[in-house]
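Here is what each chain is made of, one letter per residue.
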Protein chains: 2
Amino acid sequence: MAAPSAKTDRKKGRLTRERVVREAVALADAHGIAALSMRKLADRLGVEAMSLYHHVANKDAILDAMVDFAFGEISLPRADENWKAAMRTRAIAARTMLRSHPWALGLLDSRRNPGPATLRHHDAVIGCLRANGFSVARTAHAYSVLDSYIYGFVLQELNLPFDTPDDLAALAETMLQHLPADTYPHLAEMTREHVLQPGYAYGDEFTVGLDLILDGLDRNDD
Amino acid sequence: MAAPSAKTDRKKGRLTRERVVREAVALADAHGIAALSMRKLADRLGVEAMSLYHHVANKDAILDAMVDFAFGEISLPRADENWKAAMRTRAIAARTMLRSHPWALGLLDSRRNPGPATLRHHDAVIGCLRANGFSVARTAHAYSVLDSYIYGFVLQELNLPFDTPDDLAALAETMLQHLPADTYPHLAEMTREHVLQPGYAYGDEFTVGLDLILDGLDRNDD
DNA sequence: ACCTGAACACCGTTCAAGT
DNA sequence: ACCTGAACACCGTTCAAGT
């Protein structure tokens, strides 16, 4: 019997822009953004690459839509919430989203066309701060420092060259051996006395820095 | 007369790993990381693409070396400096570097092999904080929140869809017309009353957030 | 209206062949 | 030792042709 062709066992039904975007997200989640090619995406949808161009202008339009899809996953802060609790919750939700779609942060770089979910998200965050008495300028300060922190934290987190505590321990041990302690004494100390301690997880730093920033914003009520 | 071939007017002399990396940085600075292909890089060096493989293992090794080159441009904090001033200076220097090599931030994502300049940099930052009486844990907190902020701020800054105040004004006007104010009222207000005000520059937010974080670290002297 | 096959101008990398 | 030409297995996108 013939091996099932890639096409036969793929989803059938008419192609739509929405199906294209959803499948692109699934492909990038599963195999990384580098694996997202028009040919592979088409194959998953049971069509040829060229068919995609009937539903999206080009690959860039798919990437725009993927970012907007990801933003849509962050639930919106309400204007009647206390700002500090609302911003804390939003920051954690944003981090969760960016971790579950590791391609999203990298795509932010090149996106020039914010979609409706992205705009709605920004509008809700600004609205919550304004409703809590923040001036326009203080709202801009708060949004800038919070988003910078969230994006940068996840960027570092996604870069970590290990996925589990065991990986980390193994890597740190190797590093300690390869990095002569006299060349990088402080890096060696940090590895030995902090990173290699039981229970260490870099992700725990997230709320430490987040609360430092929220407290700072609370104090600067200009 | 014949048009000068791409090769004839390129730098001559023996190929070295250092020349390959330096030229890769120049190419990426000038035309973006997407334009950095082995073929184009070789052409700039007056050789064929395949010659590069005698000096670097593959393209990934070039990207690793580029990131380390970029880190090498940030001058190191000294252990005898006041931590707050030293961290402020370093943050500004890091932002300057990341802005002048817009490809660097995107490459951080995928780099798994920190080079000597990168390690030296981290060692110096940790060393300065420790010399100022920071505990190992407080050093880790400080480094995490500062680098997250710096990386995230530049990520947002590089994403801004305008390069000059004039571009910004033009874009904001178009946005105000395209975004119905009743759908995104707070975004419209922020654009009108903040972004479109004379003298506005997003980059000015950098030190606002930075000082908020430095003051927060100063207070948490646990 | 929607899908496709062939083609174009690219990639990174391998390999055997040149000097 | 160092460089290269041809080749392989890919890209995104165009165009004219099919249904």
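Source: prediction; values computed, not measured.

(A) Focus on the interface of chain A and chain B. In this assembly, 53 residues from chain A lie in contact with 53 residues from chain B. Summed over both sides, the interface of chain A with chain B buries roughly 4,500 Å², with 64% coming from carbon and sulfur. Of the charged contacts in the structure, one is a salt bridge between glutamate 189 of chain B and arginine 130 of chain A, with a shortest N-O distance of 2.7 Å. Of all elements in the fold, only α5 (103-108), α6 (116-131), α7 (136-159), α9 (185-195) and α10 (205-219) of chain A reach the threshold of two or more residues within the side of chain A that touches chain B. Here the element with the most residues in the side of chain A that touches chain B is α7 of chain A; it accounts for 17 residues. Partitioning the side of chain A that touches chain B into residue classes produces 26 nonpolar, 16 polar and eleven charged.

(B) Molecular detail of the packing of helix α1 (residues 17-31) of chain A against helix α3 (residues 59-71) of chain A. Residues and elements named next belong to chain A. Between α1 and α3, the shortest axis-to-axis distance is 9 Å and the interhelical angle comes to 75°. With respect to α3, the element α1 is oriented roughly perpendicular. Contacts between α1 and α3 involve Arg17, Val20, Val21, Arg22, Ala24, Val25 and Ala28 on the former and, on the latter, Ala61, Ile62, Ala65, Met66 and Phe69.

(C) Region of interest: α1 of chain A. Residues and elements named next belong to chain A. Between the first and last C-alpha of α1 there are 21 Å, a value that for 15 residues agrees with the 21 Å anticipated at 1.5 Å per step. For α1, the full list of buried residues reads Val20, Val21, Glu23, Ala24, Val25, Leu27 and Ala28. Of the residues flanking the end of α1, it is glycine 32, one or two places downstream, whose phi is positive at about 90°.

(D) Highlighting the relation of the copies chain A and chain B. Taken as rigid bodies, chain A and chain B are interconverted by a rotation of 180° and an axial shift of 0.0 Å, the fit giving an RMSD of 0.0 Å. Taken together, the rotation and translation relating the two chain copies correspond to the operation of a two-fold axis. The share of interface residues of chain A whose copies in chain B are also at the interface is 100%, consistent with both copies meeting through the same surface.

Procedures and definitions
- Residues numbered from 1 in each chain as written.
- Chains lettered and ligands numbered in written order.
- Predicted model: local features only at pLDDT ≥ 70, side-chain atom pairs only at ≥ 80, totals over all residues.
- Heavy atoms only, no water.
- Contact = heavy atoms within 4.5 Å.
- Buried area = accessible area lost by both parts, 1.4 Å probe.
- Salt bridge = Lys/Arg side-chain N within 4 Å of Asp/Glu carboxyl O.
- Helix = DSSP H or I, 4+ residues; strand = E, 2+ residues; numbered from the N terminus.
- Nonpolar A, V, L, I, M, F, W, Y, C, P; charged D, E, K, R; others polar.
- Axes fitted to C-alpha atoms, helices over the stretch in contact; angles between N-to-C directions.
- Parallel < 35°, antiparallel > 145°, perpendicular 65-115°, else oblique.
- Expected span 1.5 Å × (residues − 1).
- Buried < 20%, exposed > 50% of the residue type's maximum accessible area, 1.4 Å probe, protein only.
- Least-squares fit on C-alpha atoms with pLDDT ≥ 70 in both.

The values are spatial; any link to function lies outside them.
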